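Observations on the model geometry
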Amino acid sequence: KGAVLVFHDITDLKRVEQMRKDFVANVSHELKTPITSIRGFSETLLDGAMEDEKLCKQFLDIILKESSRLQALVQDLLELSKLEKEELQLSKKMIHIDEWITNITTLIEQQANNKSISFKVNLEKGISFYGDPDRLQQVVLNLLYNGINYTAEGGEISLQISSDKDAVRIKVADTGIGIPEDSIHRIFERFYRVDRARSRNTGGTGLGLAIVKHIVEAHKGKIEVESEVNKGTTFTVILPKEW
Ligand code: ADP
């Protein structure tokens, strides 16, 4: 029996080491792509493309977009490393949903509007519970932004919050592209994307859901996902009221 245990430990160790290597390789790749493009377009501009005003603007737009991606990536990486440190301190407060939600709805209404996506909110009045208000806002915003990103114009996203004696349930649903069954168990992994090109186009870092999962678990909660390709996706966050 002891031998079996030792064997397990070694495979676990190898697995962790492999994950670490994959992570470093992923980060390097993700950083390299925008840097290569920023460098390339700057060089082309300096080599004479600047004389063509239209081209100049086009290249500068790319440079700006790629720098924004780089910034988002570095921000998400820092965030993730903070969350992964054991000493992560949540700043717990009583959250009154009705006030807490206005920040979220204001931001999302605008983004959804820009893409002609309708945004429905269904809120049970008077819910309050204990948690880190800023981190949980980040969770809901991330899920709603994904909803917008992965839903075509004319679609719908919705936010529903309800509670019972012990738990609060936050449901974020969309009528978007959905997630194939064979990918669904991987979407919380760092840098996993169903469609890399699509995620890059919408400015995604591939780290959003990994961050979401960390925050939810730090609250002793859990996150569930249901999805059907071309129909839509629903994420449900379940948070215990006391912990
Ligand atoms: P990204 O920055 O790529 O959106 P996330 O970690 O937020 O990274 O999500 C990981 C992947 O899960 C996405 O690339 C996408 O393939 C898939 N995904 C997440 N949310 C949705 C959604 N609402 N509908 C369809 N696919 C989604």
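Relevant structure appears above.
Here is a short report on the structure shown in this document. Keep in mind the model is a prediction, meaning the values are calculated, not measured. (Residues numbered from 1 in each chain as written. Predicted model: local features only at pLDDT ≥ 70, side-chain atom pairs only at ≥ 80, totals over all residues. Heavy atoms only, no water.)

Right, let's get into the pairing of strand E3 (residues 128-131). Only one face of E3 is covered, namely the one carrying Phe129 and Gly131; the face carrying Ser128 and Tyr130 has none of its residues buried. Judged from the 4 bridges that link them, strand E1 (residues 93-96) and E3 form a sheet pairing that is antiparallel. In the strand pairing of E3, isoleucine 95 is matched with phenylalanine 129. (Buried < 20%, exposed > 50% of the residue type's maximum accessible area, 1.4 Å probe, protein only. Helix = DSSP H or I, 4+ residues; strand = E, 2+ residues; numbered from the N terminus. Pairing = 2+ DSSP bridges.)

Attention shifts here to the environment of leucine 80. Of note, leucine 80 is situated in helix H2 (residues 53-84). Along the chain, leucine 80 and valine 212 lie 132 residues apart, while their C-alpha atoms are 9.6 Å from each other. Once residues lying within four places of it in the same chain are set aside, the contact partners of leucine 80 are Arg190, Leu207, Ala210, Ile211 and His214. (Contact = heavy atoms within 4.5 Å.)

Bringing unusual backbone geometry into the picture now. The residue serine 116 is not glycine, and still its phi comes out positive at about 55°. Note that serine 116 resides in the loop between helix H3 (97-114) and strand E2 (118-123). Phi angles above zero are rare outside glycine, and phenylalanine 191 is one such case at about 70°. Within the fold, phenylalanine 191 resides in the loop between strand E5 (167-174) and helix H5 (196-201). Classification of phenylalanine 191 as buried rests on a relative accessible area of 4%.

Taking 1.5 Å of rise per residue, 32 residues should cover 46 Å, and H2 covers 46 Å from first to last C-alpha, within 8% of that figure. Restricting attention to buried positions, one finds in H2 the residues Cys56, Phe59, Ile63, Glu66, Arg69, Leu70, Leu73, Asp76, Leu77, Glu79, Leu80 and Leu83. Measuring from the side-chain oxygen of the N-cap residue of H2 to the backbone nitrogen of lysine 54 gives 3.1 Å; that N-cap residue is aspartate 52. (Expected span 1.5 Å × (residues − 1). Polar contact = N/O pair within 3.5 Å; in protein donor to acceptor, adjacent residues only side chain to side chain.)

Around the ligand, the surrounding shell holds 18 residues, and the nearest of these are Tyr150, Asp174, Ser199, Gly206 and Leu209. Contacts to the ligand include glycine 208, whose backbone N or O atom sits 3.3 Å from an oxygen atom. Put simply, the parts of the chain that give the shell around the ligand at least two residues each are helix H6 (208-218) and strand E7 (232-240). Partitioned by chemical class, the residues of the shell around the ligand number 8 nonpolar, 8 polar and 2 charged. (Near = heavy atom within 4 Å. Nonpolar A, V, L, I, M, F, W, Y, C, P; charged D, E, K, R; others polar.)

With that out of the way, let us pick up H3. The end-to-end C-alpha distance of H3, which contains 18 residues, comes to 26 Å, matching closely the 26 Å that a straight helix rising 1.5 Å per residue would cover. Along H3, the sharpest change in direction is near 25° and occurs at asparagine 103. Taken together, the buried positions of H3 are occupied by Ile97, Trp100, Ile101, Ile104, Thr105, Ile108 and Ala112. Elements that come into contact with the buried residues of H3 comprise E1, E2, E3, helix H4 (133-149) and strand E4 (156-163). (Bend = angle between axes of the 7 residues up to and from the residue.)

Let us look at the side chain of threonine 236. Residue position: threonine 236 is located in strand E7. For threonine 236, a relative accessible area of 5% puts it in the buried group. Each residue touching threonine 236, except ones within four places of it in the same chain, is listed here: Arg169, Ile170, Lys171, Lys222, Ile223 and Glu224.

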